Amino acid sequence: MGLVGFCAVLTITWLRMIMSGKFVPREQVDLIVADLRARIEFLEASSTTKDATIAEQASQVAKLTAQGDLSVRMLESITAYSTNARSGSGYVAQAE
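Overview of the structure. (Residues numbered from 1 in each chain as written. Predicted model: local features only at pLDDT ≥ 70, side-chain atom pairs only at ≥ 80, totals over all residues. Heavy atoms only, no water.)

Observations concerning the overall build of the chain
Put simply, the rule reads: The secondary structure listing takes helices from DSSP runs of H or I that are at least 4 residues long and strands from runs of E that are at least 2 residues long, numbered from the N terminus. Buried, partly exposed and exposed residues are distinguished by accessible area as a fraction of the type maximum, computed with a 1.4 Å probe on protein chains only: under 20%, between the cut-offs, and over 50%, respectively.
On a plain count of helices and strands, the chain comes out with 2 helices and 0 strands. For the chain, the residues scored as buried account for 2% of the 96 residues in total.

Laid out in structure tokens, this is it:
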């Protein structure tokens, strides 16, 4: 049987102990798994909150962009109006 057989028996015994919970106490495994589950729940809640925040910010950016476009159009129309008024067009009453 030799060295290979001894290593095989040792490995099988070691795996059986791990699978049956004798190598690592079940309570310790349960604590580790509970900690991981709590962390996953926290990260899922955090991700949901982050997604809601991003959606709200995107909505605010869209509103601000619309307001900015309106402001730009108003300023451009004022600039066009003042340019036409200076050139003597019909926008300004003639002085008597």
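Here we look at helix H1 (residues 2–20)
Convention followed: A helix is expected to span 1.5 Å multiplied by its residue count minus one.
A rise of 1.5 Å per residue sets the reference length of H1, with its 19 residues, at 27 Å; its end C-alpha atoms lie 27 Å apart and thus fit the reference within 8%. A positive phi of about 90 degrees marks Gly 21, the residue just after H1.

What to know about a nonpolar patch on the surface
As a reminder of what qualifies: The patch calculation keeps residues exceeding 30% relative accessible area without a salt bridge and links them within 9 Å when they carry like charges or within 5 Å when they are nonpolar (Val, Leu, Ile, Met, Phe, Trp, Tyr). Computed with the Shrake-Rupley method and a 1.4 Å probe, the accessible areas treat only the protein chains shown as cover for residues. What makes a salt bridge here is a side-chain nitrogen of Lys or Arg within 4 Å of a carboxyl oxygen of Asp or Glu, nothing more.
A contiguous nonpolar surface patch, about 500 Å² in accessible area, is contributed by Trp 14, Leu 15, Met 17, Ile 18, Phe 23 and Val 24. Inspection of the secondary structure puts Phe 23 in the loop between H1 and helix H2 (26–86). When its relative accessible area of 43% is taken as the criterion, Phe 23 is described as partly exposed.

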